[in-house]
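Results of the structural survey
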Amino acid sequence: MTPTVLGLLTGLVLGLAAAFGGFGAFLVVAVLAALGLLAGRALEGKLDLSQLLGRDRR
């Protein structure tokens, strides 16, 4: 899935959450999307969490 398609789907989900659930639902979906993005990047190895966790990769 290309970043463009992923961004389009994310915008669609956030828009639907805002339209049908109000601002509170929009914020919940946005926070969960950001957490999912961070988890995905960490699992792919594109995000180094060792500094945040206090561990070195030596």
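Above this text is the structure in question.
Now for a look at the structure at hand.

Another point: the overall build of the protein. Per the secondary structure count, the protein includes two helices and zero strands. If you line up the protein on its principal axes, its C-alpha atoms span 50 × 25 × 10 Å. Counting only residues that meet the buried cut, the protein has 5% of its 58 residues in that class. As presented, the protein carries roughly 5000 Å² of accessible surface, and 69% of it is formed by carbon and sulfur atoms.

Within the fold, L47 resides in the loop between α1 (3-44) and α2 (50-53). Those residues in contact with L47, other than ones at most four positions away along the chain, are L38, R41 and A42.

On the surface, a nonpolar cluster with roughly 760 Å² of combined accessible area is contributed by M1, V5, L6, L9, L12, L16 and F20. Mapped onto the elements, V5 comes out in helix α1. On the accessibility criterion, V5 (37% relative accessible area) is partly exposed.

Under the 1.5 Å per step criterion, the end-to-end length of α1 is only 15 Å for 42 residues, more than 12% shorter than the ideal 62 Å. Along α1, the helix axis deviates most sharply at G21, where the bend reaches about 145°.

Cut-offs applied
- Throughout, a residue's number is its position along its own chain's written sequence, starting from 1.
- Reporting in this predicted model follows two pLDDT cut-offs: at least 70 for local features of residues, and 80 or more for side-chain atom pairs to be given and counted; totals over whole chains, interfaces and linings ignore these cut-offs and use all residues.
- Only heavy atoms go into the side-chain values, all of them from the structure, while hydrogens and water stay out.
- Only DSSP runs of H or I reaching four residues or more are called helices, and only runs of E reaching two or more are called strands; each is numbered from the N terminus.
- Exposure categories follow from relative accessible area, calculated using a 1.4 Å probe and restricted to protein chains: below 20% of the type maximum is buried, above 50% is exposed, and the middle band is partly exposed.
- Where accessible areas are quoted, they stem from the Shrake-Rupley method and a 1.4 Å probe; at the residue level, only the protein chains shown are allowed to cover.
- Pairs of residues are marked as contacts when any of their non-hydrogen atoms sit within 4.5 Å.
- A residue counts toward a patch only above 30% relative accessible area and without a salt bridge, and it is joined to like-charged neighbours within 9 Å or, for Val, Leu, Ile, Met, Phe, Trp and Tyr, to nonpolar neighbours within 5 Å.
- The term salt bridge refers to a pairing of a side-chain nitrogen on Lys or Arg with a carboxyl oxygen on Asp or Glu at a separation within 4 Å.
- The span you would expect from a helix comes to 1.5 Å times its residue count less one.
- Here the bend at each residue means the angle between axes fitted to two seven-residue stretches, the one ending at that residue and the one beginning there.

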